[in-house]
Amino acid sequence: MRVKRCFAAGVVCILLMGCVFAAHAVTFEVTEGNSTCIKAELNASFSISYNSTNGTREAVFMLPSSAVVGSGSSCGGADVPPALDLAFGAAHVLSLQFSSDGRLYRVANISLQYNLSDTDIFPQASSAGLVSVMTNASGISARVNSTYRCLSSTSVSLEAAVTISFSGVRMEAYMPSANLSTDESVCSADQTSTTFAPTQPPKPTPPPSPLPDPVRGNYSVTNGNGTVCLKALMGLQLNITHTSKSQNKTVSEILNLQPNRTAASGSCGVTVATLTLSEDLTNLSFTFTLNATTQKFHLSAINVSAFWSDMTDRFEAGNVSLDLLQCSVGRSYMCSAKQTLAVVPTFSINTFSLQLQPFNITANQFSAAEECRVDQENMLIPIIVGAALAGLVLIVLIAYLIGRKRTHAGYQTI
């Protein structure tokens, strides 16, 4: 594989935290043989909080025009996703990894490796060495054979301490030719809407009809050798409270995730496994953690990034301290009843007909299931009612026999 970098004319100005930075737009290109598979023209700025000898400080710096396509870049292949690595400075690397479902392609994750030993960027850092952070919620997706365009400044949080702001982005992966497509998938920040004054009084809006239960999706994650290492069957319904663009007020909106439009990705480790579901401009990430002491796993984190048509801004939320869906290792978790997973006050998930297993899958099949408490209670109620009815019938029968015996005892046989 060979990589090359070329400078585009013009100067792009980015206003970040009250300071104006000037940067030359740079085009990065990943090729394999004579074919180009990834081309990206972008500007990026970084804001990183770090611990110094004088307390917490914030480093703010730009992706320099001297950045080069790193050795980790790839056009992808069997079990290897396409990736664009941008190396700059003292071992700093910005990485974008792509995935596609044949209809859309997206940045499946963004990672940043930064070097605290770089005293020019991190003066008086209290520690040294490389730090790596990552997010599965990039919010970047486009139609296959189109160029993703987002000239506006958009920010992505990798962790609480790291924010990356992109601007002037024109990018395409899975390219059919060496040139960016003239067909563009424009990000929501670049889209403008025009509202015309109504000529007649608006008609009353009828109340929304109840949303049907979501379709059950079959999602899986494979490891390096193609073996399924995480498996999930479930219907998902997202509940998000956001500011409505049309109503100019806070509303609660419900959306069913559609399996036929959703791409699944993720990773499997010894004690941590992740499942990321992406549908258009909605990205949902689940993290499962294994407790080696108790030999149980649980859902430990959920993150969401969404930009629906009526949202004024992109909605991002997450919780990394959850303790949900507990189950023994070597078994699958099952819950046929509807469950609500409370993530944060403004975001929750309803699950329907759920069965999942993130560890110890054999032959790509679920292991024996452990049923959730709701299902157990639903089964227990008819058992209790049946037992009560049987007891009542028995009491009536005994009373009848006793009464019949007393009646016979009052007569003499002739």
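Rules and cut-offs
Residues numbered from 1 in each chain as written. Predicted model: local features only at pLDDT ≥ 70, side-chain atom pairs only at ≥ 80, totals over all residues. Heavy atoms only, no water. Helix = DSSP H or I, 4+ residues; strand = E, 2+ residues; numbered from the N terminus. Buried < 20%, exposed > 50% of the residue type's maximum accessible area, 1.4 Å probe, protein only. Contact = heavy atoms within 4.5 Å. Disulfide = S-S within 2.5 Å. Phe/Tyr/Trp six-rings, centres within 6.5 Å; stacked < 30°, edge-to-face > 60°. Lys NZ or Arg CZ within 6 Å of the ring centre and 35° of its normal. Patch = residues over 30% accessible without salt bridge, like charges linked within 9 Å, V, L, I, M, F, W, Y side chains within 5 Å. Areas by Shrake-Rupley, 256 points an atom, 1.4 Å probe, with all protein chains shown as cover. Salt bridge = Lys/Arg side-chain N within 4 Å of Asp/Glu carboxyl O. Polar contact = N/O pair within 3.5 Å; in protein donor to acceptor, adjacent residues only side chain to side chain. pLDDT = per-residue confidence, 0-100. Core = buried A, V, L, I, M, F, W, Y, C linked by side-chain atoms within 4.5 Å. Pairing = 2+ DSSP bridges.

The next subject is the environment of S100. Structurally, S100 can be placed in strand β7 (residues 92–100). Residue S100 is classed as partly exposed on the basis of its relative accessible area, which comes to 34%. Note: C-alpha distance between S100 and V144 (44 residues apart in sequence) is 8.0 Å. What S100 contacts, discounting residues up to four positions off in sequence, is Y105, V144 and Y174.

The full count for this structure, using the stated rule, is 4 disulfides. Shown here is the disulfide that connects C37 with C75, its sulfur atoms set 2.0 Å apart. Residues C37 and C75 are joined by a disulfide whose S-S torsion is about -80°; by sign, that bridge is left-handed. One end of the pair, C37, is in strand β3 (residues 35–52); the other, C75, is in the loop between β5 (68–69) and β6 (83–88), with 38 residues separating them in the sequence. A residue is classified by how much of its surface remains accessible, and C75, at 15% relative accessible area, is buried. Across the disulfide, C229 is cross-linked to C268 (sulfur-sulfur distance 2.0 Å). Because the sign of the S-S torsion sets the handedness, a value of about 80° for the bond joining C229 and C268 places this disulfide among the right-handed ones. Placement of the pair is C229 in strand β16 (residues 228–243) and C268 in strand β18 (residues 263–268), with a sequence separation of 39 residues. Using a relative accessible area of 10% as the deciding quantity, one classes C229 as buried.

Turning next to unusual backbone geometry. If you check the backbone angles, Q124 has positive phi at about 60° while not being a glycine. Of note, Q124 is situated in the loop between β8 (104–115) and β9 (130–135). A positive phi angle, close to 55°, is found at N360, a residue other than glycine. Among the structural elements, N360 can be located in the loop between β26 (347–357) and β27 (369–371).

Turning to the packing of aromatic side chains, a few remarks are in order. Counted according to the given criterion, the structure contains 9 aromatic pairs. On the numbers, 5.2 Å between centres and 90° between planes, the contact of Y50 with F122 is edge-to-face. Remark: F122 occurs in the loop between β8 and β9 and Y50 occurs in strand β3; sequence separation between them is 72 residues. Judged by centre distance (5.6 Å) and plane angle (35°), the ring pair of Y114 and F122 falls under tilted. One exposure class covers both Y114 and F122, and it is buried. Through a chain of ring-to-ring contacts, the aromatic side chains of F46, Y50, F61, F88, Y114 and F122 assemble into a single cluster. Above the plane of the ring of F366 lies K231, whose end atom (NZ or CZ) is 5.5 Å from the centre.

As a further point, take a nonpolar patch on the surface. A contiguous nonpolar patch, built from L394, L397, I398, Y400, L401 and I402 and spanning about 590 Å² of accessible area, is present on the exposed surface. Among the structural elements, L401 can be located in helix α1 (residues 373–409).

Let's shift gears to the environment of V107. Here V107 is to be found in strand β8. In the structure, V107 is positioned 33 residues away from I140 in sequence and 5.6 Å away in space, judged by C-alpha atoms. Discounting residues that sit within four places of it in the chain, V107 has contacts with L96, Q97, F98, S138, I140 and M171.

This next bit is on the pattern of salt bridges. The tally for this structure, following the rule as stated, stands at 8 salt bridges. Salt-bridge contacts for R103 lead to D280; the nearest nitrogen and oxygen are separated by 3.1 Å. Of the two residues, R103 sits in the loop between β7 and β8 while D280 sits in the loop between β19 (272–279) and β20 (282–291), which places them 177 residues apart along the sequence. Here the salt bridges share partners, and the residues they tie into one network are R149, R170, E184 and D190.

Tracing the chain through its elements places N256 in strand β17 (residues 250–256). Reaching out from N256, the side chain makes a polar contact with the backbone oxygen of P212 at a distance of 2.8 Å. Non-local contacts of N256, meaning those with residues more than four positions away in its chain, are made with L211, P212, D213, P214, L236, Q237 and E279.

Glancing now at the confidence of the model for the protein chain. In low-pLDDT segments, the atomic positions of the prediction should not be examined closely. Taken as a whole, the protein chain shows an average pLDDT of 84; of its residues, 85% reach a score of 70 or greater. Confidence over residues 1–24 falls short of pLDDT 50; this stretch has 62 contacts with residues more than four positions distant or in other chains.

What follows deals with the nonpolar core. Judged by nonpolar contacts, the single largest core of 44 residues is most densely connected at L94 and L112. In terms of residue count, the dominant contributor to this core is β3 (8 residues). Ignoring sequence-local partners within four residues, the contact set of L112 consists of F46, I48, V93, L94, V131, S132, V133, L158, V162 and I164. Of all hydrophobic cores here, the second largest spans 40 residues; its members include L236, L275, F286 and A306.

This brings us to the pairing of strand β13 (residues 162–173). Buried residues dominate β13, accounting for 10 of its 12 residues. Of the pairings in the sheet, the one linking β3 to β13 comprises 10 bridges and is antiparallel in character. When the sheet's bridge partners are listed, I38 is paired in β13 with A173. Inspection of the sheet shows strand β11 (residues 147–150) paired to β13 by 3 bridges, in the antiparallel sense. Within β13, the residue paired with R149 across the bridge is R170. With 5 bridges connecting them, strand β12 (residues 154–159) and β13 associate as antiparallel partners. Paired with V156 across the two strands is I164, which belongs to β13.

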